[in-house]
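Chain by chain, the residues run as shown.
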Amino acid sequence: MNNIKISDNFNLREFQCKCGCGTVKLHSELLRRLQAIRTETGRAVVINSGYRCPTHNKKVGGASNSQHLHGKAADIVIKGLPITEQRKICEKYFPDGGIGYANTYTHVDTRGSKARWTY
Ligand SMILES: [Zn+2]
């Protein structure tokens, strides 16, 4: 299920809810920007969390209006880059979106307005 190549380096499965329900929503603009990061860095972009179904979002303590519920957010790790470099490239591609800074990953989303926070 969802084993579908959707860009040069991403498969739809990578974005599906991690609870095992198999559901997925994905905003095309989010995919476009993540692929651009993958292409520019030449590094694997690991999706720690993509789409979340409402049940899973509650379980992991996500915000009630989380962009993850709309297929517009991903928590990513750009393999082999220091976290500071990962944040810089996220800023380049999501200047008008949400970016959440965690120690081991970065949240990015295409909410359509600028937001910044630290976990
Ligand atoms: Zn789920």
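Refer to the structure printed above.
Analysis parameters
Residues numbered from 1 in each chain as written. Predicted model: local features only at pLDDT ≥ 70, side-chain atom pairs only at ≥ 80, totals over all residues. Heavy atoms only, no water. Pairing = 2+ DSSP bridges. Helix = DSSP H or I, 4+ residues; strand = E, 2+ residues; numbered from the N terminus. Axes fitted to C-alpha atoms, helices over the stretch in contact; angles between N-to-C directions. Contact = heavy atoms within 4.5 Å. Donors = N, O, S within 2.8 Å, 3.2 Å for Na, K, Ca; no water. Tetrahedral: all angles 85-135°; square planar, octahedral: opposite > 155°, others 65-115°. Buried < 20%, exposed > 50% of the residue type's maximum accessible area, 1.4 Å probe, protein only. Parallel < 35°, antiparallel > 145°, perpendicular 65-115°, else oblique. Left-handed = near helix turned anticlockwise from the far one by under 90°. Nonpolar A, V, L, I, M, F, W, Y, C, P; charged D, E, K, R; others polar. Phe/Tyr/Trp six-rings, centres within 6.5 Å; stacked < 30°, edge-to-face > 60°. Lys NZ or Arg CZ within 6 Å of the ring centre and 35° of its normal. Polar contact = N/O pair within 3.5 Å; in protein donor to acceptor, adjacent residues only side chain to side chain. Core = buried A, V, L, I, M, F, W, Y, C linked by side-chain atoms within 4.5 Å.

K.L.:
Sorry, what's going on with the sheet that holds strand β2 (residues 73-78) here?
P.N.:
Adjacent strands of a sheet pair through backbone hydrogen bonds, lying either parallel or antiparallel. Within the open sheet, the five strands sit side by side as β1-β2-β4-β3-β5. Their pairing is mixed. The sheet is open, and its two edges are formed by β1 (45-49) and β5 (115-118), each paired on a single side. For this sheet, the mean angle separating the axes of adjacent strands, direction not counted, is 25 degrees. Sheet topology places β1 next to β2; four bridges connect them, and they run antiparallel. Residue pairing in the sheet places S49 in a bridge with D75 of β2. The strands touched by helix α1 (residues 28-41) are β1, β2 and β4 (106-109); relative to β2, the strand with the most contacts, the crossing angle is about 10 degrees. Taken strand by strand, helix α3 (residues 83-93) contacts β2, β3 (98-101), β4 and β5, and its axis lies near 135 degrees from that of β2.

K.L.:
When you look at the coordination of the zinc ion in this model, what are you seeing that I'm missing?
P.N.:
Each donor-metal-donor angle in an ideal tetrahedron of four donors is 109.5 degrees, and each such angle in an ideal octahedron of six donors is either 90 or 180 degrees. Taken together, C17 (SG), C19 (SG), C21 (SG) and C53 (SG) make up the full set of protein donors to the zinc ion, lying 2.3 to 2.4 Å away. The coordination sphere of the zinc ion comprises four donor atoms, whose angles at the metal cover 100 to 117 degrees; the geometry is tetrahedral. One chain supplies every donor for the zinc ion, spaced along it as C-x1-C-x1-C-x31-C. Judged by its relative accessible area of 41%, C19 is partly exposed. On the basis of relative accessibility, which here comes to 36%, the residue C21 falls in the partly exposed class.

K.L.:
Please clarify how the packing of α1 against α3 should be interpreted in this entry.
P.N.:
Packed helices, taken two at a time, are described by their axes: the angle between them and the distance between them. Contact geometry of α1 with α3 gives a least axis separation of 10 Å together with a crossing angle of 130 degrees. In this view, α1 runs oblique relative to α3, as classed from their interaxial angle. Between α1 and α3 lies a crossing of right-handed hand. From α1, R33, A36, I37, E40 and T41 reach across to α3, where they touch I89, K92 and Y93. Broken down by class, the residue content of the contact of α1 with α3 amounts to four nonpolar, one polar and three charged.

K.L.:
I would appreciate a short explanation of the packing of aromatic side chains in the present structure.
P.N.:
Think of a pair of aromatic rings as described by two things: how far the centres are apart, and how the planes are tilted against each other in angle. One pass over the structure, following the stated rule, counts three aromatic pairs. An aromatic cluster is present here, built from Y105, W117 and Y119 joined pairwise through their rings. Lying over the aromatic face of F94, R33 brings its terminal NZ or CZ to 5.3 Å of the ring centre.

K.L.:
Looking at this structure, how should I read the environment of H68?
P.N.:
Mapped onto the secondary structure, H68 falls in the loop between α2 (54-59) and β2. Counting along the chain gives 22 residues from H68 to C90, while the straight-line C-alpha distance between them is 17 Å. Filtering out sequence-adjacent residues up to four positions away, H68 remains in contact with S49, G50, Y51, R52, A73, A74, D75 and H107. A polar side-chain atom of H68 sits 2.8 Å from the main-chain carbonyl oxygen of G50.

K.L.:
What's the story with the nonpolar core in this structure? I'm lost.
P.N.:
When a protein is soluble and globular, its nonpolar side chains tend to lie buried together. Counting residues in hydrophobic clusters, the biggest one holds 18 residues, and the most contacted among them are L34, I47, I76 and F94. Within the residue set of this core, elements represented by two or more residues are α1, β1, β2, α3 and β3. In terms of residue count, α1 provides more of this core than any other element does, four residues in total.

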